[in-house]
Amino acid sequence: MVDVILTVTMNPAYDMTYRVEGFERGRAHRVRSVEQRIGGKGINVTRVLNQLGKYARATGFSDHAFAAAAELELPVDFVHALPWVRRTVVISESEDGTATALWEPGARISNPHAAEQLSVRVSGLLPGINGLVISGPLPGGIDPGLPAQIARTAVEAGVATICDVDGEALRLAADVPGVVLMPNAEGVERLTGRTPRTADAVVEAAYPLIERGVRAVIATGCIEGMVAVTATGGWSAVPPPTITGNPTGADDSAAAAVIAALSERSEPDWGAILADAVATAAAAKVIPVAGEIDRCTRTRIAPHIVVEKLAVP
């Protein structure tokens, strides 16, 4: 049986990438090239999973035009509830790879049945999937408890589930026993009330979430690299310092690596999973657009990822 992973993107986007020589505020720039593609955090996860050799399917909210465009590239099953789909703009500088991002908030959903329709859609797909990733911000009009509700249903069905959401949705997802959380630095601060500056401090801050039932916390952006906290231990992993570029989509690539490992239903080696997540995120940074990785870079730097075992409280 083929492993199938489902991603949920509730607020997708058209990703626009403008390439310029160097970006300066307050002056006109001649754009060297423009690229537009369908995007959003879950869409990015889906693309990277396909690059990793996993069969991934995308769902969430969209309008008809976005769903039609997505069907040309990916297996999708969207709920058509958005009046329009937002854009994200990344200005990529060719001089050193520096990226500046502008994120639109997106449209508000007015359909009172949209959340129920998405929950039913995901529930119907659960028997045929081995992993689930719920990613990104929520559109206006959607209760922040929806990601937690979907995650709880999936975990109870025995499906490995990652929540990479933010704000109140993240806090509510942390109450789901068995879920894997992938917060950034801001998310860790919201969940724990702390601003950890070291890997050990991340473990200390996140471990109460594990005691409450969370399966794992994989923190990004708190230190240079990532930290994983589980009931069996903590780990930190750091990429080589030479990897620079566009960080947009790097966390999505990390989520793809984590769910790819967890979907195999074997006992997870969290140190190895974390190392692969860091390598995959680094391989995304060298690509100017989100949702892709350089597999040669991933293979090249994987042996050089430094993993350290950390003590849990």
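About the criteria used
Residues numbered from 1 in each chain as written. Predicted model: local features only at pLDDT ≥ 70, side-chain atom pairs only at ≥ 80, totals over all residues. Heavy atoms only, no water. Pairing = 2+ DSSP bridges. Helix = DSSP H or I, 4+ residues; strand = E, 2+ residues; numbered from the N terminus. Axes fitted to C-alpha atoms, helices over the stretch in contact; angles between N-to-C directions. Contact = heavy atoms within 4.5 Å. Salt bridge = Lys/Arg side-chain N within 4 Å of Asp/Glu carboxyl O. Phe/Tyr/Trp six-rings, centres within 6.5 Å; stacked < 30°, edge-to-face > 60°. Buried < 20%, exposed > 50% of the residue type's maximum accessible area, 1.4 Å probe, protein only. Parallel < 35°, antiparallel > 145°, perpendicular 65-115°, else oblique. Left-handed = near helix turned anticlockwise from the far one by under 90°. Nonpolar A, V, L, I, M, F, W, Y, C, P; charged D, E, K, R; others polar. Expected span 1.5 Å × (residues − 1). Bend = angle between axes of the 7 residues up to and from the residue.

### With respect to the sheet that holds strand β11 (residues 216-220)
At step 1: The 10 strands are arranged β5-β4-β1-β8-β9-β10-β11-β12-β13-β14 in an open sheet whose pairing can be described as mixed. The open sheet terminates on both sides in strands that have one partner only, identified here as β5 (76-80) and β14 (306-310).
At step 2: Bridge analysis of β11 against strand β12 (residues 226-230) gives five bridges, and the strand direction is antiparallel. Each residue of the ladder has a partner; that of V217, found in β12, is V229.

### Things to note about the sheet that holds strand β6 (residues 86-93)
Whenever strands of a sheet pair, they do so through backbone hydrogen bonds, lying parallel or antiparallel.
At step 1: Pairing is mixed across the open sheet formed by four strands, whose spatial order is β3-β2-β6-β7. Of all strands in the sheet, those bounded by a partner on one side alone are β3 (33-39) and β7 (99-103). Here the average twist between neighbouring strands, direction ignored, is 15°.
At step 2: Of the pairings in the sheet, the one linking strand β2 (residues 13-20) to β6 comprises eight bridges and is parallel in character. By the bridge assignment, D15 is partnered in β6 with T88.
At step 3: Contacting β2 and β3, helix α1 (residues 41-51) crosses the sheet at an angle of about 95° to β3.

### Brief notes about the pattern of salt bridges
At step 1: Tallying each qualifying case throughout the model produces 15 salt bridges.
At step 2: A salt bridge links E35 to R19, with the nearest nitrogen and oxygen atoms 3.7 Å apart. With E35 in strand β3 and R19 in strand β2, this pair connects stretches of sequence that are 16 residues apart.
At step 3: E264 is paired through a salt bridge with K54; the nearest N and O atoms lie 3.5 Å apart. Taken as a pair, E264 in the loop between α8 (250-262) and α9 (270-285) and K54 in the loop between α1 and β4 (55-62) lie far apart in primary sequence, 210 residues in all.
At step 4: Here the salt bridges do not stand alone but share partners, grouping R19, E35, R37 and E292 into one network.

### Considering the packing of aromatic side chains
At step 1: Evaluated as defined, the whole model comprises two aromatic pairs.
At step 2: Plain terms: the ring middles of Y14 and F66 are 5.3 Å apart, the flat faces sit at 70° to each other, and that makes the pair edge-to-face. A residue pair is termed long-range when its members are at least 10 positions apart, and Y14 in strand β2 and F66 in helix α2 (residues 64-71) qualify at 52 residues.
At step 3: In this structure Y14 comes out as buried when scored by relative accessible area, which is 17%.
At step 4: When its relative accessible area of 0% is taken as the criterion, F66 is described as buried.
At step 5: Here F66 and F78 contribute two aromatic rings whose centre-to-centre distance is 5.9 Å and whose plane-to-plane angle is 80°, an arrangement assigned as edge-to-face. Of this pair, F66 sits in helix α2 while F78 sits in strand β5; the two residues are 12 residues apart in sequence, bridging distant segments of the chain. With respect to burial, F66 and F78 carry one shared label: buried.
At step 6: Put simply, the rings of Y14, F66 and F78 touch in pairs and so form one group of aromatic residues.

### Description of the packing of α1 against α8
At step 1: Relative to each other, α1 and α8 sit at 55°, their axes nearing to 8 Å. Classified by the angle between their axes, α1 and α8 sit oblique to one another. Considering only the axes of α1 and α8, their crossing is right-handed. Contacts between α1 and α8 involve K41, N44, V45, V48 and L49 from the former and D251, D252, S253, A255, A256, I259 and A260 from the latter.
At step 2: Residues of the contact of α1 with α8, tallied by class, amount to seven nonpolar, two polar and three charged.

### Comments concerning α8
At step 1: With 13 residues, α8 extends 19 Å between its outermost C-alpha atoms, agreeing within 8% with the 18 Å of an ideal straight helix rising 1.5 Å per residue.
At step 2: With 11 of 13 residues buried, α8 lies mostly within the body of the structure.
At step 3: A250, D252, S253, A254, A255, A256, A257, V258, I259, A260 and L262 are the residues of α8 that are buried.

### Looking at the environment of S110
At step 1: Its location among the elements puts S110 in the loop between β7 and α3 (114-125).
At step 2: When its relative accessible area of 70% is taken as the criterion, S110 is described as exposed.
At step 3: Between the C-alpha atom of S110 and that of P83, which follows or precedes it by 27 residues, the distance is 8.6 Å.

### Remarks on the environment of A99
At step 1: Relative to the assigned elements, A99 resides in strand β7.
At step 2: A99 gets classed as partly exposed once you look at its relative accessible area, which sits at 24%.
At step 3: Considering only alpha carbons, one finds A99 and D276, 177 residues apart in sequence, at a separation of 24 Å.

### Focus: helix α7 (residues 199-211)
At step 1: For α7, which comprises 13 residues, the first-to-last C-alpha distance of 19 Å matches the rise-based estimate of 18 Å (1.5 Å per residue) to within 8%.
At step 2: The principal kink in α7, of about 30°, is found at A205, preceding the proline P208 by one to four residues.
At step 3: Of all the positions in α7, only A199, V202, V203, A205, A206, Y207, L209 and I210 are classed as buried.
At step 4: On its buried face, α7 sits against α6 (185-192), β11, β12, β13 (233-238) and β14.
At step 5: Phi for G213, located one or two positions after α7, is positive at around 125°.

That's the geometry; what it means functionally is another story.
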